[in-house]
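Chain residues, written in single-letter form:
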Amino acid sequence: MLETLHNLAVGFSVALSPSVLLYAFVGCVIGTLVGVLPGVGPLAGISLLLPATFGMDATRAIVMLAGIYYGAMYGGSTTSILMRIPGEAASVMTCIDGYAMARKGRAGAALAIAAVGSYVAGTVSVVGLMLLAPPLAAFALRFGPPEYFALLVFGLLVLAYMSSGSMVKSLAMAALGLLLGMVGIDQMSGYFRFAYGVVELGDGLGVVPVAVGLFGLAEILATAGQRVPPTVIKPRLRELLPSRAEWREAAAPIGRGTVLGFVVGIIPGSAHVISSFVSYALEKKLSRRPETFGHGAVAGVAGPESANNSATSGAFVPMLALGVPSGPIPAVMLAAMMVHGMSPGPMLITQQPALFWGFIASMYVGNLVLLILNLPLVGLFVNLLRVPYPYLYPAILTFSILGVYAVNGSVVDVWIMLMMGALGYVLRKLGFETAPIVLGVVLAPMIELALRQSLAMSDGHYGIFFQRPIAATLLIVALTMSLLSLRTFIRRGLDWRARMALAEKGES
Amino acid sequence: MLARALTVLALIAALVLPAPATAQEPFPSRPITVVAPFPPGGVADLTARPVAAAMEKVLKSPVGVVNKTGAAGAVGMQSVAVAKPDGYTLLLALSSISIIPEADKLFGRPPAFTVDQFAPIALISADPTILVVPADKPWKTAKEFIEDARKRPGQISYSSSGIYGTLHMAMELLAQAADIKLRHVPHAGGGPAVTAVLGGHVDALASGPAVVLPHIKAGKLRVLGGWGDRRLAALPDVPTFKELGYPTAEFYIWAGLFAPRATPEPVLARLRAAVRDAVNDPDFKAAMDKQETPVTFKQGEEFQKFFEADARRLAEGVRKVGKIETK
């Protein structure tokens, strides 16, 4: 413990040196911008800036790249809340309740809660990273395909909790999403599925174009189609900050999101996306008023936003402790380390203490920088909503198209986004929710790959899921959960969801 | 106001981006783009960037790198295959350039591109893969590994960067040479494949040396053999499969620079000369040293021969693997 404190002191001496501090700040600013721009996520941001760090000192480079990563997680919530456009994939859940809050005039509160939640999650999870990295990394390695599959089954369960209306409609949308997720190369046999000769479709439908289309474009189209133009929300200064009641509602979800995000983030795979989904479902399950979800529930913003930030720290655990990339973003950062002549691996912490502890300390500093940067920006961002729609929406449309194109330089992605926008508009008119589609598109390829890898490992025997303790435990918990929800369903006949659907029917 | 300003900015950007094409001017008179068909941070990207930087110095004209990713590299490679053959669009390809058209043929689909659509400029690096196993597995030598695999066909598993990917083909070439059957568990990229072998979820992996050397040094992985035609400088005690009597188990993860086939000869000559000078640039050498990737420079006839022999071996390998029946 004492040694850790000593090391941390060394780390802070590195992190607080003016030049490193400057790069942490620059990274955070760029990250926030990258997160705010629709479509452009942290991966694109880091990738674009990686070459710019080649000439830099290694510690500064890594600190800056990490700043972009968690800065993007902060920034990603902004457009989700204000315009229902996810800045990056992990902010998809925030679109649902964050935007609903904004429609009710609580945009400032939602942004502030997202920022504070991200700060708490970022800081607490760095403590976890600092104290527990080596043992946790060993745990992370025990997650092979069967364990990942079991975890993703949890992700699938989330689907049932997604809707605030009719269960049948939301499951239909989930199925559509899973189907769309089937597009692309079959990882196990090399077949192209549903690609129709378009090579770009080999990688499937990207989450970001799909989400920006279904949420953002559909929203814009729907607004444009209203007979009476919507009134511009003019937030007052007093309303910028969350009320005491809102803070109270946010506290527990932030705590749970932090722990959940960190644990899920450690697991190799695209875990930060999953963490926000699972957190949303958890909050809805625990909430005393699940019917408020989808209509501006504070917990629906606080939980997922904390979870995705916490997951970024979690993702650094295997990267720093073992030199193992836990996802595409840590992989780029590992490459950056190699470019700077460090061989990432199990020996990194002992061989490069200044880098490791400087990095840890810079994350404490960076999270604080982000909070200071983001809270005053809340006022500025909220004022964007004052812009009349005839100007605001075309501008958003332009940025969405530019952003989605910029990530892969692919026009196919732009078409996917536009088509999804049209689809989202139609579905909206028919009273379907589109969030389950996005979840399906995210989960389908992951769950399929994990399942089939597991079966390749076991030569086709399903027993593999129950012979491995972690996988078996996760699956049994998932099974119990679904059985439990079935029980209430049978006993009460109508749960809140069915009542809501009936009420909706009455209205229309 | 802000929104309007932003719209104007976006419009300006849209107008400026497509550079006007002009004919008959000294080469290069505008920026050259090197397409890396894989995501940033991978071998292709980490080779392309230092090469581009060094070429920029030689040509005294900007050389940029664009990551055009997708479909295991096919998207980026295809984009260069059909690019305007003016020398301003180049490709930094890996061994998979010879594999993808064969796999397309296997499935009877129209090929995304063929190797004859490219004119080779230079080979920049060629790193043989090495066979690693988790340190707690029983095999101490390649011989033990192969004998055990022969006794238990299809029981020893290995991870790879993806089906018909480079790491898959390396292992298949060994399996075919030694007449053994292994169990393939494809992963979505080289990173996850290394994670899988470190976690003991699979028994073996053919990997580029640089990414696994730290784990070998830390005692987590054991190295049994190499696919090169001679031993690696970093691992002088590790025999090659060639030495062990499997001469067809030869495989390199190589990186080379290509242009579209119809690029005019004078332009190609200028590019070849530029790369020749670029690889001697001290910054370039330092960048490659840091990644522990030795530079293997080949040009002209020599590269052509290497490329053709490699393509033949891989095509043969893909054909022998055939279509995969999954359960």
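All values reported here derive from a predicted model rather than from experimental measurement. (Residues numbered from 1 in each chain as written. Chains lettered and ligands numbered in written order. Predicted model: local features only at pLDDT ≥ 70, side-chain atom pairs only at ≥ 80, totals over all residues. Heavy atoms only, no water.)

A. Inspection of the packing of aromatic side chains at higher detail. Summed over all chains, the structure comprises 23 aromatic pairs over all chains. The interplanar angle of 85° and the centroid separation of 5.6 Å between the aromatic rings of Tyr69(A) and Phe316(A) together place this pair among those described as edge-to-face. Highlighted residues: Tyr69(A) in helix 4 (residues 58-83) and Phe316(A) in helix 12 (residues 299-322), separated in sequence by 247 residues. In this structure Phe316(A) comes out as buried when scored by relative accessible area, which is 0%. Plain terms: the ring middles of Phe107(B) and Tyr164(B) are 6.0 Å apart, the flat faces sit at 80° to each other, and that makes the pair edge-to-face. On the criterion of sequence distance, the pair formed by Phe107(B) in the loop between helix 4 (96-106) and strand 4 (118-128) and Tyr164(B) in the loop between strand 6 (157-160) and helix 6 (166-178) is long-range, its members being 57 residues apart. Of the two residues, Phe107(B) and Tyr164(B), both sit in the buried class. An aromatic cluster is present here, built from Phe113(B), Phe118(B), Tyr252(B), Trp254(B), Phe258(B), Phe303(B), Phe306(B) and Phe307(B) joined pairwise through their rings. One residue, Lys169(A), lies across the ring of Phe432(A), its end atom 5.2 Å from the ring centre. Stacked on the ring of Tyr88(B), the Lys or Arg Arg30(B) has its end atom at 4.0 Å from the ring centre. (Phe/Tyr/Trp six-rings, centres within 6.5 Å; stacked < 30°, edge-to-face > 60°. Helix = DSSP H or I, 4+ residues; strand = E, 2+ residues; numbered from the N terminus. Buried < 20%, exposed > 50% of the residue type's maximum accessible area, 1.4 Å probe, protein only. Lys NZ or Arg CZ within 6 Å of the ring centre and 35° of its normal.)

B. Layout of the interface of chain A and chain B. Contact with chain A, which involves 56 residues of that partner, is made by 47 residues of chain B. For the pairing of chain A and chain B, the buried interface totals around 4100 Å² over both sides, and the portion due to carbon and sulfur atoms is 66%. For the pair chain A and chain B, the number of links is one salt bridge. Across the pair Asp459(A) and Arg183(B) runs a salt bridge whose closest N-O atoms are separated by 3.7 Å. If you list the elements that add at least two residues to the side of chain A that touches chain B, you get helix 7 (145-161), helix 13 (328-339), helix 16 (389-408) and helix 18 (435-457) of chain A. A total of six residues in the side of chain A that touches chain B trace back to one element, the largest contributor, which is helix 16 of chain A. The residue inventory of the side of chain A that touches chain B, partitioned by class, reads 31 nonpolar, 17 polar and eight charged. (Contact = heavy atoms within 4.5 Å. Buried area = accessible area lost by both parts, 1.4 Å probe. Salt bridge = Lys/Arg side-chain N within 4 Å of Asp/Glu carboxyl O. Nonpolar A, V, L, I, M, F, W, Y, C, P; charged D, E, K, R; others polar.)

C. Structural context of the sheet that holds strand 1 (residues 32-36) of chain B. Residues and elements named next belong to chain B. As summarised here, the arrangement of the six strands in space is 2-1-3-10-4-11, forming an open sheet in which the pairing is mixed. Across the chains shown, the open sheet's two edge strands, defined by having one partner strand only, are strand 2 (63-67) and strand 11 (295-299). Strand-to-strand twist of the sheet, defined as the mean angle between neighbouring strand axes without regard to direction, takes the value 25°. (Pairing = 2+ DSSP bridges. Axes fitted to C-alpha atoms, helices over the stretch in contact; angles between N-to-C directions.)

D. Quick peek at helix 7 (residues 190-198) of chain B. Taken residue by residue, helix 7 of chain B has Ala193(B), Val194(B), Thr195(B), Ala196(B), Val197(B) and Leu198(B) as its buried positions. The inward-facing, buried residues of helix 7 of chain B contact helix 6 (107-141) of chain A together with strand 5 (130-134), strand 6, strand 8 (204-207), helix 8 (209-217) and strand 9 (221-226) of chain B. Phi for Gly200(B), located one or two positions after helix 7 of chain B, is positive at around 75°.

E. Quick peek at the pairing of strand 9 of chain B. All names here are of chain B. Of all the six residues making up strand 9, six are buried; the element is thus mostly covered by neighbouring parts of the structure. With five bridges connecting them, strand 5 and strand 9 associate as antiparallel partners. Looking at strand 9, one finds that Val133 is bridged to Arg222.

F. Region of the structure containing the nonpolar core. Within the largest apolar cluster, 167 residues are counted, with the highest numbers of intra-cluster contacts made by Phe316(A), Phe145(B) and Trp227(B). Ranked by the residues each element gives to this core, the list is headed by helix 18 of chain A, at 14 residues. Not counting residues within four places of it along the chain, the set of residues in contact with Phe316(A) comprises Ala66(A), Tyr69(A), Leu129(A), Ala321(A), Met333(A), Phe359(A) and Met363(A). Formed by 57 residues, the second largest nonpolar core is a distinct cluster that contains Val65(B), Leu257(B), Ala259(B) and Ala274(B). (Core = buried A, V, L, I, M, F, W, Y, C linked by side-chain atoms within 4.5 Å.)

G. Molecular detail of the packing of helix 9 (residues 207-224) of chain A against helix 16 of chain A. Residue and element names in this part refer to chain A. One can describe the packing of helix 9 onto helix 16 by two numbers: an axis separation of 11 Å at closest approach and a directional angle of 165°. By the criterion of interaxial angle, the relationship of helix 9 to helix 16 is roughly antiparallel. Classified by chirality, the crossing of helix 16 by helix 9 is left-handed. Where helix 9 approaches helix 16, its residues Pro209, Val212, Leu217, Ile220 and Thr223 are matched on the opposing element by Tyr393, Ile396, Leu397, Ser400 and Val404. Along the lines of polarity and charge, the residues of the contact of helix 9 with helix 16 split into eight nonpolar, two polar and no charged. (Parallel < 35°, antiparallel > 145°, perpendicular 65-115°, else oblique. Left-handed = near helix turned anticlockwise from the far one by under 90°.)

H. Local environment of the confidence of the model for chain B. Residues and elements named next belong to chain B. Counting all residues, the mean pLDDT for chain B is 87, and 91% of those residues have values of 70 or more. Across chain B, strand 5 holds the top mean pLDDT of 97, while helix 1 (residues 2-16) sits lowest at 50. Every residue in residues 14-23 is under pLDDT 50, and counting partners more than four places away or in other chains gives one contact. For this predicted complex, the interface confidence score (ipTM) comes to 0.82, while the overall pTM stands at 0.84. (pLDDT = per-residue confidence, 0-100.)

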